[in-house]
Amino acid sequence: MQSYLIWGLLLISAWLPLRLLHGIGYLAGNLLNALPNRLRAITTRHIRQCFPELSVNEQRQLVRASLVETAKTITEAGALWLRPGSRSLQLVRSVDGRELVDEALQKGRGVILATPHLGSWEAAGLYGAASFHMTCLYRPLRLVKLEQLVRNARARLGASYVTTSSAGIRAMYHTLEEGGTVALLPDQEPRSGTGVFAPFFGIAAWSGVLLARMAHRTGAPVVLAWCERLPRGRGYHLHFRAAPRGIGDPDPGVAAGAMNRAVEQLVRECPQQYQWGYRRFKRRPEGEKPFYPDRRRGRQ
């Protein structure tokens, strides 16, 4: 029943103008900010710890703005997933730095796109699918009945989506060996035994090493990409940025640290559009107390 309800809301929203969808997101985000809820608590915790230089009032304003942008991520989904692909793609109004990808592809070693949870990563994925026919690594949705719908929507402009499995990783390497483009999320907490701790906003974060291994093994350059959500529903601006040195370092700790610093730099440009509701610091170094309160006991 839940899956059918979500599907129906997505279908309805696909026919609404983006300005209205973002307006609904604005109202929903302000409601989330006004009422006690888990998302607000996690967002507040992150912003207090990651931006200690801000005043209390500035932190509160950033929490509110973040919840508004988080709500827009949900309300805009139908427009990005269920409209005809060409119409959804038109929402990406401008692009800068694309030459970084084009020049890298011309060298024949492939390109690794690192797309953090910043802005509209769904819009960035559509542009990448249409422009580069990329292979993307992703985690399947928990709602199985929606999985095929979302996967087809994301792939409809030419992308190939593979799961975080050995077969999926082999497909990523094959794409790079063929001189193609792959994309993955560099700020998603990996499974146990598949990452290292590296600083993110000065906090130890369990960080993936797959991207670094791919870059080191294949020699493919890494390009950062994020899609800025423009105000008043005007669409999106896609940014491509050259990755700093060190991201492909053979030392996993060095590589993860370089990636986290690169993502942090992007987030600081537009902090309200980062997904602060994601529990990025859930896994802690041995002996360190939990970062998030225990909801059952009301303590750390």
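Quick note: structure is the one above.
Scoring rules and cut-offs
Residues numbered from 1 in each chain as written. Predicted model: local features only at pLDDT ≥ 70, side-chain atom pairs only at ≥ 80, totals over all residues. Heavy atoms only, no water. Helix = DSSP H or I, 4+ residues; strand = E, 2+ residues; numbered from the N terminus. Rg over C-alpha atoms; globule rule 2.2 N^0.38 Å. Buried < 20%, exposed > 50% of the residue type's maximum accessible area, 1.4 Å probe, protein only. Contact = heavy atoms within 4.5 Å. Areas by Shrake-Rupley, 256 points an atom, 1.4 Å probe, with all protein chains shown as cover. Pairing = 2+ DSSP bridges. Axes fitted to C-alpha atoms, helices over the stretch in contact; angles between N-to-C directions. Core = buried A, V, L, I, M, F, W, Y, C linked by side-chain atoms within 4.5 Å. Patch = residues over 30% accessible without salt bridge, like charges linked within 9 Å, V, L, I, M, F, W, Y side chains within 5 Å. Salt bridge = Lys/Arg side-chain N within 4 Å of Asp/Glu carboxyl O. 1 Å grid on protein atoms, 1.4 Å probe; cavity = no way out; pocket = protein on both sides within 12 Å on 5 of 7 lines; lining within 4 Å. Points joined across faces, edges and corners; volume = space filled by probe spheres on them. Nonpolar A, V, L, I, M, F, W, Y, C, P; charged D, E, K, R; others polar.

> Please set out the overall build of the protein chain residue by residue, giving values where relevant.
Each helix and strand counted, the protein chain has 12 helices and nine strands in total. By the compact-globule yardstick of 19 Å for 300 residues, the protein chain fits well, its C-alpha radius of gyration being 19 Å. Taken over the C-alpha atoms alone, the protein chain extends approximately 50 × 50 × 35 Å along its principal axes. Out of the 300 residues belonging to the protein chain, those deemed buried represent 48%. Contacts in the protein chain between residues far apart in sequence, at least 24 positions, make up 74% of those at least 6 positions apart. For the protein chain, the computed accessible surface area is about 15000 Å², with 55% contributed by carbon and sulfur atoms.

> Any details on the sheet that holds strand 5 (residues 181–184)? Residues and values, ideally.
Strands sit in the order 1-9-8-2-5-3-4 across an open sheet of seven strands; the sheet is mixed. Edge positions in the sheet fall to strand 1 (92–96) and strand 4 (160–163), since each has one partner strand and no second. Mean inter-strand twist for the sheet, computed between neighbouring axes without regard to direction, equals 25°. Bridge count between strand 2 (residues 111–114) and strand 8 (residues 222–229): three bridges; the pairing is parallel. Pairing of Ile112 across the sheet is with Val222, part of strand 8. Running at roughly 20° to strand 8, helix 12 (residues 252–269) makes contact with strand 2, strand 8 and strand 9 (236–242) of the sheet.

> Can you lay out the nonpolar core for me, pointing to particular residues and giving the numbers?
In this structure, Ile112, Leu211, Val222, Met259, Trp276 and Phe281 are the most contacted members of the largest nonpolar core, which totals 41 residues. Setting aside residues no more than four positions away along its own chain, Phe281 makes contact with His46, Cys50, Glu189, Phe200, Ile203, Ala204, Ala205, Phe291 and Tyr292. Core analysis: the second largest hydrophobic core is formed by 28 residues, Leu18, Leu21, Leu91 and Ala123 among them.

> Please set out a nonpolar patch on the surface residue by residue, giving values where relevant.
On the surface, a nonpolar cluster with roughly 360 Å² of combined accessible area is contributed by Trp7, Leu11 and Trp15. Locating Trp15 in the fold gives a position in the loop between helix 1 (2–13) and helix 2 (18–34).

> An account of the environment of Ile42 is needed here, citing residue identities and associated values.
The residue Ile42 is located in helix 3 (residues 38–50) in this model. Excluding its chain neighbours within four sequence positions, the residues that come into contact with Ile42 are Trp276, Gly277, Arg279 and Tyr292.

> Go over the pairing of strand 5, please, and point to the residues and values.
Of the two faces of strand 5, the one carrying Thr181 and Ala183 and the one carrying Val182 and Leu184 are both buried. By the bridge criterion, two bridges tie strand 3 (residues 135–138) to strand 5 in an arrangement that is parallel. Residue Thr135 lies in a different strand from strand 5, and its bridge partner there is Val182.

> Mind laying out empty space enclosed by the protein, listing which residues take part and the relevant values?
Left-over empty space is what a probe sized like a water molecule reveals as it rolls over the atoms. With the rule as written, the count across this model stands at one cavity of 30 Å³ or more. Within this model, the largest cavity holds a volume of roughly 40 Å³. Split into classes, the residues belonging to the lining of the largest cavity amount to five nonpolar, two polar and one charged.

> Break down the layout of surface pockets for me, citing the residues and quoting the values.
Its boundaries defined by the atoms lining it, the second largest pocket holds a volume of some 560 Å³. Along its surface, the second largest pocket is lined by 28 residues, and Leu137, Pro190, Gly208, Val209 and Leu210 are the ones closest to its centre. For the lining of the second largest pocket, the elements supplying multiple residues, two or more each, are strand 3, helix 10 (166–177), strand 7 (203–208), helix 11 (210–218) and helix 12. Ranked by residues supplied to the lining of the second largest pocket, first place goes to helix 12 with five residues. Of the residues that constitute the lining of the second largest pocket, the class distribution is 16 nonpolar, nine polar and three charged.

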